[in-house]
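Residue-level structural notes
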Amino acid sequence: MNQLRKALPREFYDRDPRRVSRNLLGKVLVRRQGRTFLTGRIVEVEAYLGAADAAAHAAAGRTARNAVLFGPPGHAYVYFIYGNHYCFNVSCLEDGVAGGVLFRALEPLAGIAEMARQREVTVNGARDLRKLTSGPGRLAEAFGITRERDNGKDLTSNTSDLWIADDDFHVRRVLLTPRIGIAKSADLPLRYVIAGNPFVSGRTGSVLRTKRTK
DNA sequence: TACATGATGCCCT
DNA sequence: GGGCATCATGTAG
């Protein structure tokens, strides 16, 4: 558990969003709520490349909403979508250059009862666990992530109540697929999932390319 | 000030 | 497998 108290450093996020995406797989998202810790393993993310990526919020330039994406790396970008849901991202690349990674699915590890309470669902058996954090809107709700509370938050600060840690989990195989729910640049393989993980959202999708790691 | 739209999830068939 | 709720944000007028 002590490993989980240490946030990934800012340098981790000061790279191409594609590389950050690949390396975020297998890491652990941690939320501290008083004495309670909510943790979940990152099993699915998407890279958004900024100005060169038509599907990215940052593509049309800086606005009040997307300003975090243009700021320093390692900060939370949270936005409201479809009138119902929040989506949680982390900014990448240096100050002034936009980029980010969207968190799409987690595997619940600790604080499962609290996640179920915040999602307002009941969990009976392993199959129901997918309802907690399998999907961007779901994981945000399970972790209590909102724009008001978390947008702009520094995820690398050791005084934050939201951060990402490394517990030395080894990711065996990564799948690359097109991103979900977008119209522009929809064919680019920028969605990263841990192969075979049951908590990946939706269906596996068409696999464009697979990568093996040591 | 008005309007179109979306990095979704849920419920129904 | 498909329809739809629901509203913040951005852009046009």
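In the block above lies the structure referred to throughout.
Just so you know, these numbers come straight off a predicted model, no measurement behind them.

On to the protein's contact with DNA strand B. Every one of the 19 residues lining DNA strand B counts as a neighbour, but Y79, N89, G137, R138 and G181 are closest to it. Of everything in DNA strand B that lies within 4 Å of the protein, sugar and phosphate atoms constitute 51%. Between DNA strand B and H57, the relevant distance is 3.0 Å, taken from a phosphate oxygen to a side-chain nitrogen or oxygen of the residue. Between R104 and DNA strand B, the recorded distance is 3.3 Å, taken from a side-chain N or O atom to a phosphate oxygen.

Now for the protein's contact with DNA strand C. Looking at DNA strand C, the residues that line it are T63, A64, R65, F80, Y82, G83, N84 and R147. Sugar plus phosphate, as a fraction of atoms of DNA strand C within 4 Å of the protein: 76%. Within the backbone of R65, a nitrogen or oxygen atom sits 3.1 Å from a phosphate oxygen of DNA strand C. A class-by-class count of the residues in the surface near DNA strand C yields three nonpolar, three polar and two charged.

Now for the pattern of salt bridges. A complete count under the given rule lists 15 salt bridges for this structure. The closest approach of N and O atoms between E44 and R191, which form a salt bridge, is 2.8 Å. One end of the pair, E44, is in strand β2 (residues 36-48); the other, R191, is in strand β8 (residues 191-194), with 147 residues separating them in the sequence. As far as the burial class goes, E44 and R191 line up, both buried. Residue D128 pairs with K131 through a salt bridge whose shortest N-O separation is 3.8 Å.

What counts, and where the lines are drawn
- Residues numbered from 1 in each chain as written.
- Chains lettered and ligands numbered in written order.
- Predicted model: local features only at pLDDT ≥ 70, side-chain atom pairs only at ≥ 80, totals over all residues.
- Heavy atoms only, no water.
- Near = heavy atom within 4 Å.
- Polar contact = N/O pair within 3.5 Å; in protein donor to acceptor, adjacent residues only side chain to side chain.
- Nonpolar A, V, L, I, M, F, W, Y, C, P; charged D, E, K, R; others polar.
- Salt bridge = Lys/Arg side-chain N within 4 Å of Asp/Glu carboxyl O.
- Helix = DSSP H or I, 4+ residues; strand = E, 2+ residues; numbered from the N terminus.
- Buried < 20%, exposed > 50% of the residue type's maximum accessible area, 1.4 Å probe, protein only.

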